[in-house]
Amino acid sequence: MLAALAGVAGAGAFALVREYALVCATGAFLGGLAHTYASQVFAYSRELAELTGRSLARGTAAVRAVFSAGWVLGPPAGLFLLTRTGFGTLYASLAALLLLAALLARWVLPRVPRAGTDRRAGGLRRALSGVPRRTWLLLGAATAVNVADQMYLIALAAHVTRDLGLSAALVGALAGTSAALEIPLLIGAGRLAGRLGEERLVGAADVLAVAFFALLPFAASGPSLLLLQVPNALWTAALVSLPMVLVQREIPGGAGTAAALFSATFPVAQLLAGALTGLVAARTGYSGTFWCGAALCALACVLLRARGRAGRNLPG
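So, here is what we can say about the structure in this document. (Residues numbered from 1 in each chain as written. Predicted model: local features only at pLDDT ≥ 70, side-chain atom pairs only at ≥ 80, totals over all residues. Heavy atoms only, no water.)

## Details of the pattern of salt bridges
Which entries qualify depends on this criterion: Counted as salt bridges are all cases of a side-chain nitrogen of Lys or Arg within 4 Å of a carboxyl oxygen of Asp or Glu. Helix and strand assignments follow DSSP, with helices taken as H or I runs no shorter than four residues and strands as E runs no shorter than two, numbered in order from the N terminus. Whether a residue is buried, partly exposed or exposed follows from its accessible area with a 1.4 Å probe, protein chains only, as a fraction of its type maximum: under 20%, in between, or over 50%, in that order.
Counting across every chain of the model gives 4 salt bridges. The shortest N-O distance in the salt bridge between Arg307 and Glu199 comes to 2.6 Å. A residue pair is termed long-range when its members are at least 10 positions apart, and Arg307 in helix H15 (residues 286-312) and Glu199 in helix H9 (residues 198-215) qualify at 108 residues. Judged by relative accessible area, which is 1%, Arg307 ranks as buried. The class of Glu199 is partly exposed, set by a relative accessible area of 36%. Connected via shared salt-bridge partners are Arg134, Glu199, Glu250 and Arg307.

Given below as structure tokens:
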């Protein structure tokens, strides 16, 4: 609820404040607070699954499917408001949606018993020191894959329009197609996890990600790029939900600590991806960023392999 309210204040600042320095300060501070909303939603999903005895993998996949639906509905709705009414109405609408989220969190969502977490000084350091080595390897693999994904999102528009000379509308079609495919695939991944196991699905999805990025430089037409959104949605559906399930099971300190630590891989990946994309694209062109993405996903495969060996070496 507090994260959503921070988003309300941040969106209100963007809609009303005209002083550049103040907008930057409020946007960075309040936006950073609002971005914790996603990790806390996943933490709540875990606590609710434990309370009700439902599958954590299915619950996490369902929540992630809602985020994917947002990627399908949000951009065209935002573009419609922006072109018809301007930025003020756009951010006012964002504030209204976040206020609705805060009210739902406060008055509608079922309560879960508060876990007896250690709130003393140094509690976070103790929680992090208790993270197993194999979990750090999983977090490293997730970060590598997220860097590759962010590089793809950054370079895709320039690659499609400048390198291939195709329409800019195709970029939106690619993003919308992938997000739309992710929704049923996320639900399916949650169900398959109970049969095949999260570890196997994560490993297979990572191999598929390597193949996806390696094939991208050879796709030179709209139909071929659209066809590649099928494997893109497949590996994304598995790797954006199941690693969080594994991390939540392995990290001590409560659901919030686990979800926040996993969610921290995304801003770290964004930071690294921005620098890497600029460096690689300047030297090799935008298609070179896809080869770099394939290498990063291959690195993630190595880390997952090391994680598997670490798991087999555990006592008992």
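## Remarks on empty space enclosed by the protein
Stated precisely, the cut-off is as follows: Think of a 1 Å grid over the protein atoms and nothing else: a 1.4 Å probe that fits but is trapped marks a cavity, an open set flanked by protein within 12 Å on at least five of seven lines marks a pocket, and residues with an atom within 4 Å of a point count as lining. Grid points are joined across faces, edges and corners, and a volume is the space filled by probe spheres set on the points. Residues are grouped as follows: nonpolar covers Ala, Val, Leu, Ile, Met, Phe, Trp, Tyr, Cys and Pro; charged covers Asp, Glu, Lys and Arg; every other residue, Gly included, is treated as polar.
For the structure on display, the rule yields 1 cavity of 30 Å³ or more. There is about 110 Å³ of room inside the largest cavity. If you trace the largest cavity, you find 17 residues lining it, with Ala141, Ala142, Val145, Asn146 and Leu239 closest to the centre. Of all the secondary-structure elements, those providing two or more residues to the lining of the largest cavity are helix H7 (133-163), H9, helix H11 (229-239) and H15. Its residues assigned to classes, the lining of the largest cavity comprises 13 nonpolar, 2 polar and 2 charged.

## Some thoughts on the nonpolar core
Which entries qualify depends on this criterion: Nonpolar core, defined: a set of buried Ala, Val, Leu, Ile, Met, Phe, Trp, Tyr and Cys residues in which side-chain atoms within 4.5 Å join the residues together. A contact between two residues is defined here by any heavy atoms of the two lying within 4.5 Å.
Counting 55 residues, the largest nonpolar core has Phe213, Leu216 and Trp235 as its most contacted members. The dominant element in this core, judged by the number of residues it contributes, is H7, at 13 residues. Apart from residues no more than four positions distant in its own chain, Phe213 is found in contact with Ala148, Asp149, Tyr152, Trp235, Phe290, Gly293, Ala294 and Cys297.

## Section: the packing of H7 against H11
To keep things clear, this is the line we draw: Convention adopted: a line fitted to C-alpha atoms gives each axis, helices being fitted over their contacting stretch, and angles between N-to-C directions are expressed from 0 to 180 degrees. Two helices that cross are described as forming a left-handed crossing if the nearer one is turned anticlockwise from the farther one by less than a right angle, and a right-handed crossing if clockwise.
Between H7 and H11, the shortest axis-to-axis distance is 12 Å and the interhelical angle comes to 140°. Viewed along their axes, H7 and H11 form a crossing whose handedness is left-handed. Contact residues: H7 offers Val145, Asp149 and Tyr152, while H11 offers Gln229, Asn232, Trp235 and Leu239. Considered class by class, the residues forming the contact of H7 with H11 number 4 nonpolar, 2 polar and 1 charged.

## Some details on the packing of aromatic side chains
What counts here: Stacked, edge-to-face and tilted are the three classes for Phe, Tyr and Trp ring pairs, Trp counted by its six-membered ring, which pair at centre distances within 6.5 Å; planes under 30 degrees apart are stacked, over 60 edge-to-face, the rest tilted. A ring is scored as having a charge over it whenever the NZ atom of a lysine or the CZ atom of an arginine sits within 6 Å of its centre and within 35 degrees of its normal.
Applying the stated rule across the entire model yields 9 aromatic pairs. Ring centres of Phe213 and Trp235 lie 5.9 Å apart, and the angle between their planes is 50°; on these two criteria the pair is classed as tilted. Separated by 22 residues along the polypeptide, Phe213 in helix H9 and Trp235 in helix H11 bring together distant segments of the chain. Each member of the pair, Phe213 as well as Trp235, is classed as buried. Look at Phe218 and Trp291: their rings are 5.8 Å apart centre to centre, the planes differ by 85°, and that puts the pair in the edge-to-face class. With a gap of 73 residues between them, Phe218 in the loop between H9 and helix H10 (222-227) and Trp291 in helix H15 connect regions that are remote in the sequence. Phe218 gets classed as exposed once you look at its relative accessible area, which sits at 62%. Put simply, the rings of Tyr152, Phe212, Phe213, Trp235 and Phe290 pair up and form one aromatic cluster. Above the plane of the ring of Trp107 lies Arg106, whose end atom (NZ or CZ) is 4.4 Å from the centre.

## Quick word on the side chain of Thr135
Within the element layout of this structure, Thr135 appears in helix H7. Residues contacting Thr135, with those up to four places away along its chain left out, are Val247, Glu250, Ile251 and Arg307.

## Overview of helix H5 (residues 87-107)
Because each turn of an α-helix spans 3.6 residues, side chains separated by three or four positions end up pointing in the same direction. Rules: Expected span, for any helix, means 1.5 Å times one less than how many residues it has. An arc is given here, and it is the one of the directions from the helix axis to the C-beta atoms.
Over its 21 residues, H5 runs 30 Å from end to end, which matches the ideal 30 Å to within 8%, given 1.5 Å per residue. Those residues of H5 not exposed but buried are Ala95, Ala101, Ala102 and Ala105. All buried residues of H5 fall inside an arc of 120° around its axis, so they share one side. Among the exposed residues of H5, those pointing more than 90 degrees away from its buried face are Leu97 and Trp107. In this structure, the buried side of H5 is in contact with helix H1 (2-16) and helix H3 (36-52).

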